[in-house]
Amino acid sequence: MEKINLLIVDDIADNIYSLRYLLEEKFDDINILEADNVKDALIIIMKNEVDLILSDIQMPEIDGFQFVEYLQGIEDTRHIPVILITGIYNNEIYQKKAYNSSSTVVDFITKPIDTEILCSKLNVFIKLFKERKKDKKEIAQKDKLLRSRDKIKTMLSNLDGLHDEIKEQILQTSEIKGLLLDEAELIDLDKLN
């Protein structure tokens, strides 16, 4: 099965290392990408098909909220689900801000990260991701079949038109042969005189 590309965005290297270690130990079907700032994260997103982002909120220059809003504003990135992680913004006001910042924020996790909860949430995401990929494949196959069917209909229609043209040519050829035979009979009649 295809691996899921998960991007971890955090300005603290130890946090990235801890998450990477946890995820690699618990999951075989995740390919982990890393960025220590939003600019690098955007470069990774441009170069890779990212399926899920785990992003810290408190980062220098551009924070997690701004990052999510930016992703939401770009057609090619607005579909990427994001789980925001924070050690500071763990009250209800910030949770609401996180969920309201983008329709792609699927969760809000506080530090210290509860391994069991994170893994459970990621298992749900992976299951949904795989189902969505399967559905996309089935839709693509059905779309291909429909295009093939339409192509065959067009070919049959063209064949019907070609059949009519050939039939018309045969009729014209028969008429010409008939005229030639009639002319040949006329010639034979002249020889008799």
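Computed from a prediction, not measured in an experiment: that's the story for all the values here.

1. Remarks on the packing of aromatic side chains
At step 1: Within the structure shown, the criterion is met by 2 aromatic pairs.
At step 2: Each ring, one from Y17 and one from Y21, has its centre 6.5 Å from the other, and the planes form 20°; the classification is stacked. Of this pair, Y17 and Y21 both sit in helix α1 (residues 13–26), 4 residues apart, roughly one helical turn.

2. Looking at the pattern of salt bridges
At step 1: Tallying each qualifying case throughout the model produces 10 salt bridges.
At step 2: Of the charged contacts, one joins R149 and D150 as a salt bridge, the two residues approaching to 3.9 Å between their closest N and O atoms.
At step 3: D150 sits in the partly exposed class, given a relative accessible area of 42%.
At step 4: If you follow the salt bridges from partner to partner, you end up with D10, D56 and K111 in one network.

3. Quick look at the pairing of strand β2 (residues 30–35)
At step 1: Bridge count for strand β1 (residues 4–9) against β2 is 6 bridges, and the pairing is parallel. Pairing of N5 across the sheet is with N31, part of β2.
At step 2: You can see the chain leave β1, run along α1 and come back into β2, and the turn it takes is right-handed.

4. Describing the UniProt feature "modified residue: 4-aspartylphosphate" (unreviewed entry) in the protein chain
At step 1: Under the UniProt annotation, "modified residue: 4-aspartylphosphate" (unreviewed entry) lies at D56.
At step 2: Tracing the backbone shows D56 in strand β3 (residues 52–56).
At step 3: Once residues lying within four places of it in the same chain are set aside, the contact partners of D56 are V9, D10, D11, G64, I85, T86 and K111.

About the thresholds
- Residues numbered from 1 in each chain as written.
- Predicted model: local features only at pLDDT ≥ 70, side-chain atom pairs only at ≥ 80, totals over all residues.
- Heavy atoms only, no water.
- Phe/Tyr/Trp six-rings, centres within 6.5 Å; stacked < 30°, edge-to-face > 60°.
- Helix = DSSP H or I, 4+ residues; strand = E, 2+ residues; numbered from the N terminus.
- Salt bridge = Lys/Arg side-chain N within 4 Å of Asp/Glu carboxyl O.
- Buried < 20%, exposed > 50% of the residue type's maximum accessible area, 1.4 Å probe, protein only.
- Pairing = 2+ DSSP bridges.
- Right-handed = clockwise from strand over helix to strand, strands pointing away.
- UniProt positions renumbered as here; feature names shortened; annotations may be inferred.
- Contact = heavy atoms within 4.5 Å.

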